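# Examining the three-dimensional arrangement
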Amino acid sequence: MQALVEHSRAQARSYRVIQVISDKPAAAGLAIARDLGVATRSVPAHKTLDRAAYDRTLAATIDECEPALIVLAGFMRILSEAFVERYAGRIMNIHPSLLPKYPGLHTHRQALAAHDPLHGATVHFVTAELDGGPPIIQARVRVRPDDNEITLAARVQNQEHRIYPLAVDWYCAGRLHCRDGRAWLDGAALAAPVQYDGDDASRDH
Ligand code: NHR
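Source: prediction; values computed, not measured. (Residues numbered from 1 in each chain as written. Predicted model: local features only at pLDDT ≥ 70, side-chain atom pairs only at ≥ 80, totals over all residues. Heavy atoms only, no water.)

### Observations concerning the site of the ligand
Near the ligand there are 18 residues, and of these M76, L79, H95, T127 and D131 occur at the shortest range. At 2.8 Å, a side-chain N or O of H95 approaches an oxygen atom of the ligand. Backbone polar atom of T127 to a nitrogen atom of the ligand: 2.9 Å apart, as the coordinates give it. Per element, the largest residue contribution to the shell around the ligand is 3 residues, and it comes from strand β4 (residues 91–95). Here the residues of the shell around the ligand are counted per class, giving 10 nonpolar, 4 polar and 4 charged. (Near = heavy atom within 4 Å. Polar contact = N/O pair within 3.5 Å; in protein donor to acceptor, adjacent residues only side chain to side chain. Helix = DSSP H or I, 4+ residues; strand = E, 2+ residues; numbered from the N terminus. Nonpolar A, V, L, I, M, F, W, Y, C, P; charged D, E, K, R; others polar.)

What follows is the structure, given as structure tokens:
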């Protein structure tokens with residue numbers, strides 16, 4: 001979230017983060033957003049609210065600021081089908097694996113346990129299928145023999161901070177859409193996610 005805000009301010013002709021919303025009033029991200037001067041809201045989940053009721057409350061809060069795009073960044077509640085349908089093609093997530101590998105939680109642990117030579121992160125449009133929506137861009141990270149979950153996660157996160165703002169820039173510039181179950185970039189359907197080829201071709205940072 002912080003990287004998304006900072007990118008938008010460092011880059012000319014970028015997007016603007018209009019609001020940061022959390023389900024946890026004490027979330028560190030809300031304090032960080034406030035320090036950055038971004039408006040914040042929290043929509044706490046009370047025990048009395050079922051998932052559908054929570055998502056309706058969340059949607060009402062979101063609709064007050066009429067965003068072009070909803071960007072999940074550290075948001076850990078699974079969103080209902082009704083919520084996802086309401087914002088079809090207008091929700092993005094970044095997931096710390098080379099999707100379709102390792103949807104769900106503990107991805108770094110799984111990549112290490114499988115002795116994968118490559119791990120990474122994927123930006124995708126959100127659908128009702130958890131971490132299963134159309135992929136947009138992916139960054140690879142080489143797994144080192146001495147990696148643990150913390151060292152590997154740190155290098156993956158460096159890449160997340162590059163590819164997520166890029167995808168949001170594309171979307172907000174009108175270059176990226178979600179249609180017919182695919183991501184479209186510059187008028188062409190992506191058969192596979194764009195492979196990020198940043199400023200270090202070794203992918204090892
Ligand atoms: N919602 C939908 N419909 N589709 C997706 O692809 C979503 C989503 C909500 C969040 C982010 C995702 C991730 O990449 C995300 C993608 C939370 C869980 C989870 O199991 C899984 C994946 C992601 C986020 N959440 C538990 C739940 O019951 C709670 C886990 C917790 O609180 O620690 O909601 O990381």
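### Notes on the packing of helix α1 (residues 2–10) against helix α6 (residues 149–172)
Two elements in contact, α1 and α6, have axes separated by 9 Å at closest approach and are oriented at 60 degrees. With respect to their mutual orientation, α1 and α6 come out oblique. The way α1 lies across α6 gives a crossing that is right-handed. Residue-level inspection shows A3, L4 and H7 of α1 in contact with α6, the latter providing H161, Y164, P165, V168 and D169. (Axes fitted to C-alpha atoms, helices over the stretch in contact; angles between N-to-C directions. Parallel < 35°, antiparallel > 145°, perpendicular 65-115°, else oblique. Left-handed = near helix turned anticlockwise from the far one by under 90°. Contact = heavy atoms within 4.5 Å.)

### Here we look at the packing of aromatic side chains
How two aromatic rings sit relative to each other is given by the distance of their centres and the angle of their planes. A complete count under the given rule lists 2 aromatic pairs for this structure. Considering the side-chain rings of F83 and Y87, the 4.9 Å spacing of their centres and the 55 degrees angle between planes classify their relative orientation as tilted. On the basis of relative accessibility, which here comes to 2%, the residue Y87 falls in the buried class. Over the face of the ring belonging to Y54 we find R77, whose NZ or CZ atom lies 4.0 Å from the ring centre. (Phe/Tyr/Trp six-rings, centres within 6.5 Å; stacked < 30°, edge-to-face > 60°. Buried < 20%, exposed > 50% of the residue type's maximum accessible area, 1.4 Å probe, protein only. Lys NZ or Arg CZ within 6 Å of the ring centre and 35° of its normal.)

### Thoughts on the sheet that holds strand β8 (residues 182–185)
Read from one edge of the open sheet, 3 strands run β7-β8-β9, paired in antiparallel fashion. Only two strands of the sheet have a single neighbouring strand rather than two, namely β7 (176–179) and β9 (188–189). In this structure, β8 lies alongside β9, joined through 2 bridges in antiparallel fashion. Within β9, the position partnered with L185 by the bridge is A188. (Pairing = 2+ DSSP bridges.)

### Some words on the environment of D50
Structurally, the position occupied by D50 is in the loop between β2 (40–42) and α3 (51–64). In sequence terms D50 and T122 are 72 residues apart; their C-alpha atoms lie 30 Å from each other.

### What about the pairing of strand β5 (residues 118–125)?
Burial runs high along β5: 7 of the 8 residues are buried. Of the pairings in the sheet, the one linking β4 to β5 comprises 4 bridges and is antiparallel in character. Bridge pairing links M92 to F125 in β5. Bridge count for β5 against strand β6 (residues 135–142) is 7 bridges, and the pairing is antiparallel. Paired with L118 across the two strands is R142, which belongs to β6.

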